[in-house]
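The residues making up each chain are set out below.
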Amino acid sequence: MTASVEVRGGGLPGAVASEWTKFWSVRATWWCLVAGTALMLFYGTLSAIAQRVGDQPQGAHTIALGGGFYLTQFAVIALATLFVASEYAGGGIRSTLLWTPVRSRVVLAKAAVLLPVLFAYGVLLSCAGMALATAVMDGHGLPTTLEAGFTTASGMGGYFALLGLLCTGIAWALRSAAGTLVSVIVLLVPLPLIVASLGLPEAMPYFPGIAGVNAMVEAGQPNPITMTAAPYALGVGLVICAAWTAAALLAGAAALHRRDA
Amino acid sequence: MITLRGLTKRYGEKTVVDALTCDVGPGQVTGFLGPNGAGKSTTMRMTVGLDRPQSGEVLVGGRRYAELRHPLREVGALLDAKALHPGRSAGKHLLAMARSNGIAASRVEEVLATVGLSDVAGKRAGQFSLGMGQRLGIAGALLGDPGILMFDEPVNGLDPDGVRWVRQLMRSLAAEGRTVFVSSHLMSEMQLTADHLVVIGKGKLLADAPVAEFIAGNSRATVSVRVPADGERAKLDARLRAEGGLTHPGEPGELVVDGLDVTRVGDLVHELGVRVHGLAEQTASLEQAYMELTASSVEYGVSA
């Protein structure tokens, strides 16, 4: 009612600014980012030491990919899941929707915060993993070309960003951290293996986890998880991830829109 | 101004809010009363778009809440003080809230000072006591300096000082011309705070009237006469009945008279020369009026 309040702001930009503040003001965010970093450095160091004694030579970019897929991605999943599910753990969603009553804006705002953060996190962490592995290998293992390093870094950035958004979509639909974590992890690892063992191995590269790994490997090279080359071009891996993510976000936004808060 | 038009909410078979129509006007405190489960909270939640009505609508300042570009600058609501992330500090919670509606960050310190939480701005909200949480919720409602304020049970968990502070805050907000809509179970508190009452029971509107009118319309003032001698009391009793009064015995030695005012009863006592130990008018409280009105619409009553 008085002039102490500015007249601009609000809407989607306001919702993004609000979510940005919320994201960085809880400890869970920092714990997840630190844990994911520690896991990458741990895996990079151990794998690089193994290169000095073992007989299965790998490049630093392959080691960073392994650290990202086997370990760090679970910190990313936890981070993105908690960003949404914590709204339902304490009833914070009722405050959030008072501030931003257009519900699709809340879904978009959280995605807009996670996308750049997780992309940068994936790029930086894969670079750190490759640098650490190169230093510890000390000339052992296989060399990493600039192109291979770039593919792994950009692929991991894109994969982490899309994986995080996939988690938010499922968390909006399920409203529970436990349910979301189980669903996403099953979708990433056991489900493609089960589908392959049931006689459809050609479906494996279309699951988001395997597609994401394919996006981190140079065209024509076999990825280190399934040991087969992608049946599609390099950029298609992330397009497949994006399709899964878009479907999850649409389902999540529809659920949020329909239900009473 | 909050405008409810045929507002209806059903959960499955159960109608929680039933075709509620009323206006909550500016410049006064409107108390929102009703037994547990009467639909008060659901009505408030529908007002800010958290719940969706099956039919009818509720408008704030003539528009639906979700259509407001800056809802927090037009409507401030304290619905559930625990509706926040327990790990986030009070200051950051309010800062995120301010940013969502383009409200200057300086307002955060202002409202924290208003509710007396400046010293604990950096403390995590999950560590707050019930009363502090309530104050933080009130700070949030005030953040956007809105013209419409809505409080669901605002004095829950507050100490007597806090209760008095909330009462003064409501009065001053209304005096500034704002619309203040507040639900409470505490009748004595409502009697002191509210100018106008909206009473619902089982989701239906039972009353929509100024407080004084509500009390007058839903209760009868009675007169108590204490006459120590049994014979004289019987004589007075007969005379009062002859004058059209309804009497019934109260405490030992007391007659309670309905339908005659205290002046008339006093005159009759004098006329009969009866010795009295007490003659008093008993005016009804909001609580009595409320109990009479809602007696038949208590959702979770205890059967005798």
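Below: a short report on this structure. Owing to the predicted nature of the structure, the values given are computational and were not obtained by experimental measurement.

**Some details on the overall build of chain B**
Reasoning step 1: Broken down by element type, chain B carries eleven helices and 13 strands.
Reasoning step 2: Here the C-alpha radius of gyration of chain B, 24 Å, is well above what a compact globule of 304 residues would show, namely 19 Å.
Reasoning step 3: Summarising its shape, the C-alpha atoms of chain B cover approximately 75 × 45 × 35 Å along the three principal directions.
Reasoning step 4: Counting only contacts in chain B whose residues sit at least 6 apart along the sequence, the fraction spanning at least 24 positions is 69%.
Reasoning step 5: Surface exposure of chain B reaches about 13,300 Å², of which carbon and sulfur atoms provide 50%.

**Comments concerning the sheet that holds strand β1 (residues 2-11) of chain B**
All names here are of chain B.
Reasoning step 1: Taken together, three strands build an open sheet; the order of strands is β2-β1-β4 and the sheet is antiparallel. Lying at the two open borders of the sheet, with one neighbouring strand each, are β2 (14-24) and β4 (55-60). The average angle at which neighbouring strand axes cross in this sheet is 20°, direction not considered.
Reasoning step 2: With five bridges connecting them, β1 and β4 associate as antiparallel partners. Note on β4: the bridge partner recorded for I2 is V60.

**A few points about the interface of chain B and chain A**
For interface size, the figure often reported is the accessible area lost on association.
Reasoning step 1: Every contact between the two is made by 42 residues of chain B and, on the other side, 36 residues of chain A.
Reasoning step 2: A buried area of about 3,200 Å², summed over both sides, lies between chain B and chain A, and 51% of it is on carbon and sulfur atoms.
Reasoning step 3: Per-residue buried area on chain B facing chain A is highest for L50, R52 and R88 of chain B; these three make up 18% of the total on that side.
Reasoning step 4: If you look at where chain B meets chain A, you find two salt bridges.

**What to know about the layout of surface pockets**
Reasoning step 1: Size it by volume and the largest pocket reaches roughly 610 Å³.
Reasoning step 2: As for the largest pocket, its lining consists of 34 residues, of which L78, D80, A81, K82 and A83 of chain B are closest to the centre.
Reasoning step 3: Counting only elements with at least two residues in the lining of the largest pocket, the list comes to α4 (92-99) of chain A together with α1 (40-47), β5 (75-78), α3 (90-100) and α5 (130-142) of chain B.
Reasoning step 4: Looking at the lining of the largest pocket, the element that brings in the most residues is α5 of chain B, giving seven residues.
Reasoning step 5: The residue inventory of the lining of the largest pocket, partitioned by class, reads 18 nonpolar, ten polar and six charged.

**As for helix α10 (residues 236-258) of chain A**
Residues and elements named next belong to chain A.
Reasoning step 1: End to end, α10 covers 33 Å across 23 residues, agreeing with the expected 33 Å (1.5 Å per residue, within 8%).
Reasoning step 2: The set of residues buried in α10 consists of G237, I240, C241, T245, A248, L249, G252, A255 and L256.
Reasoning step 3: Residues of α10 that are buried in the fold lie against α3 (60-89), α4, α5 (103-137), α6 (146-174) and α9 (208-214).

**So, the sheet that holds strand β12 (residues 254-258) of chain B**
Residues and elements named next belong to chain B.
Reasoning step 1: The strand order across the open sheet formed by four strands is β11-β12-β10-β13, and the pairing between neighbours is antiparallel. The two strands at the open ends of the sheet, each matched to only one other strand, are β11 (246-249) and β13 (278-282). Each neighbouring strand pair of the sheet contributes to a mean axis angle of 20°, computed without reference to strand direction.
Reasoning step 2: Of the pairings in the sheet, the one linking strand β10 (residues 222-226) to β12 comprises five bridges and is antiparallel in character.

**Comments concerning the side chain of N214 of chain A**
All names here are of chain A.
Reasoning step 1: Its location among the elements puts N214 in helix α9.
Reasoning step 2: The class for N214 is buried, based on a relative accessible area of 6%.
Reasoning step 3: Apart from the residues lying within four places of it in its own chain, the contact partners of N214 are P205, N223, T228, A230, Y232 and L234.

**Digging into a nonpolar patch on the surface**
Reasoning step 1: Together, V182, V186, L191, I194 and L198 of chain A give the surface a local cluster of nonpolar side chains, amounting to about 450 Å² of exposed area.
Reasoning step 2: Here V182 of chain A lies in helix α7 (residues 177-188).

**Quick look at the nonpolar core**
Reasoning step 1: By size, the foremost hydrophobic cluster in this structure holds 130 residues, and its most contacted members are I2, V48, I138 and F151 of chain B.
Reasoning step 2: Of the residues forming this core, the biggest block, twelve residues, is contributed by α6 of chain A.
Reasoning step 3: Residues in contact with F151 of chain B, not counting those within four places in the same chain, are M44, L78, I138, A141, M170, L173, V180, F181, V182 and S183 of chain B.

Analysis parameters
Residues numbered from 1 in each chain as written. Chains lettered and ligands numbered in written order. Predicted model: local features only at pLDDT ≥ 70, side-chain atom pairs only at ≥ 80, totals over all residues. Heavy atoms only, no water. Helix = DSSP H or I, 4+ residues; strand = E, 2+ residues; numbered from the N terminus. Rg over C-alpha atoms; globule rule 2.2 N^0.38 Å. Contact = heavy atoms within 4.5 Å. Areas by Shrake-Rupley, 256 points an atom, 1.4 Å probe, with all protein chains shown as cover. Pairing = 2+ DSSP bridges. Axes fitted to C-alpha atoms, helices over the stretch in contact; angles between N-to-C directions. Buried area = accessible area lost by both parts, 1.4 Å probe. Salt bridge = Lys/Arg side-chain N within 4 Å of Asp/Glu carboxyl O. 1 Å grid on protein atoms, 1.4 Å probe; cavity = no way out; pocket = protein on both sides within 12 Å on 5 of 7 lines; lining within 4 Å. Points joined across faces, edges and corners; volume = space filled by probe spheres on them. Nonpolar A, V, L, I, M, F, W, Y, C, P; charged D, E, K, R; others polar. Expected span 1.5 Å × (residues − 1). Buried < 20%, exposed > 50% of the residue type's maximum accessible area, 1.4 Å probe, protein only. Patch = residues over 30% accessible without salt bridge, like charges linked within 9 Å, V, L, I, M, F, W, Y side chains within 5 Å. Core = buried A, V, L, I, M, F, W, Y, C linked by side-chain atoms within 4.5 Å.

From the geometry alone we can't say anything about function, so treat these as descriptive.
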